[in-house]
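# Chain and residue survey
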Amino acid sequence: MTPPDLKDPVQRAAYRQELRGVAVGLRRTGVALAAIGGMIALVRLYAWPEMPALVPGAVVGVGLMTMIAAIAARTKYHQLRMRG
């Protein structure tokens, strides 16, 4: 693929749309895991205090790492696409 001409508004909009589709599954999974971890933390706080604090922290941590992996994949895609 050739690099997009980012000076052209039409090609820039098309490339922006293309970038939105890169690693969308990883991004959504990361956000979902982080939200689930937050909900587990609330359940632990109000209803289940015997649950170890490590459980919600681990779920949030996995969610954050997944989001970081998605950011890295998108950045790598952008670098490769701009190189041509």
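Residues numbered from 1 in each chain as written. Predicted model: local features only at pLDDT ≥ 70, side-chain atom pairs only at ≥ 80, totals over all residues. Heavy atoms only, no water.

### Some points on the overall build of the protein
This is how it is decided: Runs of E in the DSSP output that reach at least two residues are strands. Runs of H or I that reach at least four are helices, and both are numbered from the N terminus. Only C-alpha atoms enter the radius of gyration, while the globule expectation follows 2.2 Å times N to the 0.38, with N the number of residues. Throughout this description, buried means an accessible area under 20% of the type-specific maximum (1.4 Å probe, protein chains only), exposed means over 50%, and partly exposed covers the range between.
Per the secondary structure count, the protein includes 3 helices and 0 strands. Along the protein, from the amino end to the carboxyl end, the secondary structure elements read α-α-α. Whereas a compact globule of 84 residues would reach a radius of gyration of roughly 12 Å, the protein reaches 18 Å, over 25% beyond that. Seen through its C-alpha atoms, the protein measures out along the principal axes to roughly 55 × 20 × 15 Å. Burial statistics for the protein: of 84 residues in total, 15% are counted as buried.

### Re a nonpolar patch on the surface
Filter applied, for reference: Exposure above 30% relative accessible area and no salt bridge define the residues that can form patches, which grow by joining like charges within 9 Å and nonpolar side chains of Val, Leu, Ile, Met, Phe, Trp and Tyr within 5 Å. Residue-level accessible areas treat just the shown protein chains as cover; the underlying method is Shrake-Rupley with a 1.4 Å probe. Criterion for a salt bridge: a side-chain nitrogen of Lys or Arg within 4 Å of a carboxyl oxygen of Asp or Glu.
A contiguous nonpolar patch, built from Leu42, Leu45 and Tyr46 and spanning about 380 Å² of accessible area, is present on the exposed surface. For Leu42, the position within the fold is in helix H2 (residues 24–46). Residue class for Leu42 comes out partly exposed when judged on its relative accessible area of 48%.

### A closer look at the side chain of Thr66
Under the convention used in this document: Every residue pair with non-hydrogen atoms within 4.5 Å of one another is taken to be in contact.
For Thr66, the position within the fold is in helix H3 (residues 54–83). By relative accessible area, which is 14% here, Thr66 ends up buried. Excluding anything up to four places from it in sequence, Thr66 contacts Leu26, Thr29, Gly30 and Leu33.

### Quick look at the packing of H2 against H3
Between two packed helices, both the angle of their axes relative to each other and the distance between the axes serve to describe the pair. Quick note on the threshold: Angles shown run from 0 to 180 degrees and are taken between the N-to-C directions of axes, each axis being a line fitted to C-alpha atoms and, for helices, limited to the stretch in contact. Oblique is the label for any angle not covered by the other classes, which are roughly parallel (under 35 degrees), roughly antiparallel (over 145) and roughly perpendicular (65 to 115). Put simply, a crossing is left-handed when the front helix is turned counterclockwise from the back one by less than a right angle, and right-handed when it is turned clockwise. Any residue that is not Ala, Val, Leu, Ile, Met, Phe, Trp, Tyr, Cys, Pro, Asp, Glu, Lys or Arg is counted as polar, Gly included; the first ten are nonpolar and the last four charged.
In contact at an axis separation of 7 Å, H2 and H3 are set at 165° when each is read in the N-to-C sense. Between H2 and H3, the interaxial angle falls into the category roughly antiparallel. The way H2 lies across H3 gives a crossing that is left-handed. Looking at the contact of H2 with H3 residue by residue, the class counts come to 15 nonpolar, 6 polar and 3 charged.

### Describing the side chain of Arg81
Considering the arrangement of structural elements, one finds Arg81 in helix H3. Residue Arg81 is classed as buried on the basis of its relative accessible area, which comes to 12%. Not counting chain neighbours up to four residues away, the residues in contact with Arg81 comprise Met1, Thr2, Pro3, Pro4, Tyr15 and Glu18.

### Some thoughts on the nonpolar core
Spelled out, the test is: In these notes, a set of buried Ala, Val, Leu, Ile, Met, Phe, Trp, Tyr and Cys residues joined through side-chain atoms within 4.5 Å is what counts as a nonpolar core.
Residues Tyr15, Leu19, Val22, Ala23 and Ala70 constitute the largest nonpolar core, which totals 5 residues. Residue contacts for Tyr15: discarding those within four places in its chain leaves Pro4, Leu6, His78, Arg81 and Met82.

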